[in-house]
Every structure is written in structure tokens, then in C-alpha cells.
Amino acid sequence: MRIIKNINNNFAIAVDGAGNRLIISGKGIGFGKVPRELEDITRINRSYYDVDEAYVSMLNEIPEEIIAISAQIVDQARRHIDNPISSNIVFTLADHIHFSIQRYQKQMNVQLPIVYDIQHLFEKEMAIGAYGLRLIQKELHIALPKEEAAYIALHIINAEMQDNHRAYPDHHRERVRYANQ
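What you are looking at is a predicted structure, and each value in this text was computed from that prediction instead of being measured. (Residues numbered from 1 in each chain as written. Predicted model: local features only at pLDDT ≥ 70, side-chain atom pairs only at ≥ 80, totals over all residues. Heavy atoms only, no water.)

S.K.: Give me the pairing of strand E2 (residues 11–15): which residues, what numbers.
M.R.: Of all the five residues making up E2, four are buried; the element is thus mostly covered by neighbouring parts of the structure. Of the pairings in the sheet, the one linking strand E1 (residues 2–8) to E2 comprises five bridges and is antiparallel in character. Paired with isoleucine 3 across the bridge in E2 is alanine 14. Between E1 and E2, which follow one another and run antiparallel, lie two residues. Across five bridges, the pairing between E2 and strand E3 (residues 21–25) is antiparallel. From the neighbouring strand, isoleucine 13 faces E3, where its bridge partner is isoleucine 23. (Buried < 20%, exposed > 50% of the residue type's maximum accessible area, 1.4 Å probe, protein only. Helix = DSSP H or I, 4+ residues; strand = E, 2+ residues; numbered from the N terminus. Pairing = 2+ DSSP bridges.)

S.K.: Provide a residue-level description of helix H4 (residues 123–140), including the pertinent values.
M.R.: Since the α-helix packs 3.6 residues into each turn, any two residues three or four apart lie on the same face. Here H4 spans 25 Å end to end across 18 residues, near enough to the 26 Å set by a 1.5 Å rise per residue. Three or more residues of H4 are buried, namely Glu125, Met126, Ile128, Gly129, Tyr131, Gly132, Leu133, Leu135 and Ile136. After H4 finishes, the residue histidine 141 shows a positive phi value of roughly 60°. (Expected span 1.5 Å × (residues − 1).)

S.K.: Account for the sheet that holds E1, with residues named and values stated.
M.R.: Spatially, five strands are ordered E4-E1-E2-E3-E5 in an open sheet, and the strand pairing comes out antiparallel. Pairing within the sheet leaves two strands with one partner each, and these edge strands are strand E4 (36–37) and strand E5 (46–49). Bridge count between E1 and E4: two bridges; the pairing is antiparallel. The partner of isoleucine 3 across the bridge, within E4, is arginine 36.

S.K.: Could you give an account of the environment of glutamate 53, naming the residues involved and the relevant values?
M.R.: Tracing the chain through its elements places glutamate 53 in the loop between E5 and helix H1 (64–80). We classify glutamate 53 as partly exposed; its relative accessible area is 44%. Along the chain, glutamate 53 and isoleucine 13 lie 40 residues apart, while their C-alpha atoms are 10.0 Å from each other. Not counting chain neighbours up to four residues away, the residues in contact with glutamate 53 comprise Ile13 and Arg21. (Contact = heavy atoms within 4.5 Å.)

See the structure below:
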């Protein structure tokens, strides 16, 4: 694996043996001159394929523990949802969680009027959102409002749609359209 660009000390852009670009993370992995060969691939904690370049700059703005929490939520989603999920969700969800925490700390409460619709139409996604809130509470000791589970669910729904709008049965596509209106 060849590192072609450092993002910060713990993230870098690399090219694998098949020529695919990816983002890799690991302690100190983004430190050093580029380009360079990564001799010890065990230093990689996570790799992210097919990430839109627009999300790379987020890695310098979002705390790493929030990116790690987002990745765990996405892992949970991939275990429980049959449809493929966009790789970009780790970064967009982390950005949302980071912003939600900032709103929470400023005591700003944002209402989501379609929470009950999302609960009834997307039970799996809502369960994953609730898991995300528990994880945030456990790891960061921040109890976000329960409506945030619906926001997490919407991120998952949108990530499913990005990659697989043709893979959805017609009735599911209609439910997603209704939830996003």
C-alpha cells in the first residue's frame, strides 16, 4: 500500500495494490513524507473506500472520537440492513453528530416533525439511531435528545438510497420519498 497524501497525523489517502484510492486511519499513519510505501499494514485501524474527496477536509474539523463513534454506528447499520450503504456516511454522520453535540452544549433544541413517521416506516434504521445515542452517551457522556435517533436514521436511509435506489423494492422507494418530503 502506498500513501500518497497526508490528511492529518492519523489519516491519509493511499492507493492499494489494485490501484484503488482509499482513506486509511491509524495512530501516526499520516505522519511522514509522501509518497511512501506503508511497510506495516497492521498500523491501519480502518480503511474507507469510495469516499468522495469533498469529505476529506472534514477529517481535520471533526474530533477523531466522533469519527470512531460514527464508524461504529455504520458498522451496526451494515450488520442489520440488507442494502449496501455508501462509504461517505461515516463522514457525513460524524459531521452531523459533531454539530448535534455543539447544539446540545449551546442548549439549542431542533425539532424534527416527522420523527413518528420515521419510527413507523424505518424500524431498523431507528433502532440503529437509538444504538448511536447510547454509544454517544457511553463514549462521550453526552445525552443527546431522543429525536437525534431519527436524524441518525435519516442519514442511514439516505446512504442506502445513494448507492442503491434501483435495489429497493418500489414500495420501499415510496416510503423513503415520503419520509424525506
